[in-house]
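# Structural characterization, general
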Amino acid sequence: ILRVENLSKSYGDLEVLRSVSFDVYKGETKAFIGPSGTGKSTLLRCINQLTVPDDGHVYLNGEEITHSGSKINEYRQKMGMVFQNFNLFDHLTAVRNVEIALLKVKKMDKAAARKKAMFELERVGMADRADYYPAQLSGGQAQRVSIARALAMDPDVMLFDEPTSALDPELKREVLEVMRKLAADGMTMLIVTHEMHFATSFASEILFMEKGEIVERGSPADIPASPSFERTRAFMGTYE
Ligand code: ATP
Ligand code: MG
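Nothing here was measured: the structure is a model prediction, and the numbers come from that model. (Residues numbered from 1 in each chain as written. Chains lettered and ligands numbered in written order. Predicted model: local features only at pLDDT ≥ 70, side-chain atom pairs only at ≥ 80, totals over all residues. Heavy atoms only, no water.)

### Considering the sheet that holds strand E4 (residues 55-60)
Where strands meet in a sheet, backbone hydrogen bonds hold them as pairs that are either parallel or antiparallel. Quick note on the threshold: Paired strands are those between which DSSP finds at least two bridges. Counting from the N terminus, the helices are the DSSP runs of H or I reaching at least four residues and the strands are the DSSP runs of E reaching at least two.
Across the sheet, four strands lie side by side as E2-E1-E4-E5; this open sheet has antiparallel pairing. Whereas interior strands pair on both sides, the edge strands pair on one side only; in this sheet they are strand E2 (14-24) and strand E5 (63-64). Sheet topology places strand E1 (residues 2-11) next to E4; five bridges connect them, and they run antiparallel. Each residue of the ladder has a partner; that of Val4, found in E4, is Val58.

Structure representation (structure tokens):
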């Protein structure tokens, strides 16, 4: 469903991504881990072209989205992005946050947009907070609203950049449960995370990045056993 081919990006002399390649099949969940500053966020941003890569290609459903000009907005709708800090509109209620793009971008009528927004809020367990403003929500609740907002666009792929790292442990759990459910429902997801235990419990593959490269990758089950996963294990150890 998604192909990333030799993606490279530098900022000045700093090579942030060095020829990163991988394929994502429908229904897969890939978890990206690795030290701070190794280009994980840059990778997600290059995939949806929020950052323009220097080199390489990204294909969604076989169509090239790098160098796609104005069509990029169409492709971006197919890639739901969830950020660490929620990025909700503070002056809009939860349900308005979810329906705004349906009204403005998808040009749905009000009733249909509201119905869809409520459906997605229900899916993340937030229907009863539909009329709350972001400031009245806990971090975990706000993050679930931002997941609902991304889901409302019916994306082919969901991109999560450390969706739980701003949250207290109890709140992480509720967001991770929502993500686990999405994975079980067959959503295709790329997740940058530090939540090793949880990520490994539902990821199809773990990719360990270091200095802009994928240096180790494998199924969650392989990581503890394989000697080649030394670096990943050493890194994980610091989070346990
Ligand atoms: P973290 O785990 O801390 O979120 P990360 O793996 O997501 O780290 P990136 O945010 O992708 O790392 O950043 C990789 C490197 O690129 C960092 O050294 C960062 O300072 C640099 N960088 C990122 N964005 C820019 C930018 N717009 N201009 C210049 N340098 C940047
Ligand atoms: Mg980051």
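### What about the confidence of the model for the protein?
What counts is decided by this rule: A residue's pLDDT is simply how confident the predictor is in it, with values from 0 to 100.
Mean pLDDT over the protein works out to 90, with 92% of the residues at or above the 70 mark. Of all the helices and strands in the protein, helix H8 (residues 222-225) carries the lowest mean pLDDT, 64, while helix H4 (residues 110-123) carries the highest, 97. Scored by ipTM, the complex comes to 0.94, with pTM at 0.90.

### Points about the environment of Ser138
Under the convention used in this document: Throughout, a contact is declared for two residues whenever any of their heavy atoms are within 4.5 Å.
Along the chain, Ser138 turns up in the loop between H4 and helix H5 (139-151). Along the chain, Ser138 and Pro163 lie 25 residues apart, while their C-alpha atoms are 14 Å from each other. Not counting residues up to four positions away in its chain, the partners in contact with Ser138 are Leu171 and Glu174.

### What to know about the packing of aromatic side chains
The test is simple: Each pair of aromatic rings taken from Phe, Tyr and Trp, with Trp reduced to its six-membered ring, is defined by centres within 6.5 Å and is described as stacked if the planes are under 30 degrees apart, edge-to-face if over 60, and tilted in the remaining cases. Only lysine NZ and arginine CZ atoms are considered, and such an atom sits over a ring when it is within 6 Å of the ring centre and within 35 degrees of the ring normal.
Enumeration according to the criterion identifies one aromatic pair in this entry. Their ring planes at 55° and their centres at 5.2 Å tell us that Phe22 and Phe32 sit as a pair that is tilted. In this pair, Phe22 is assigned in strand E2 and Phe32 in strand E3 (residues 29-33), connecting sequence segments 10 residues apart. Arg129 extends its terminal NZ or CZ atom over the ring of Tyr132, reaching a point 5.0 Å from the ring centre.

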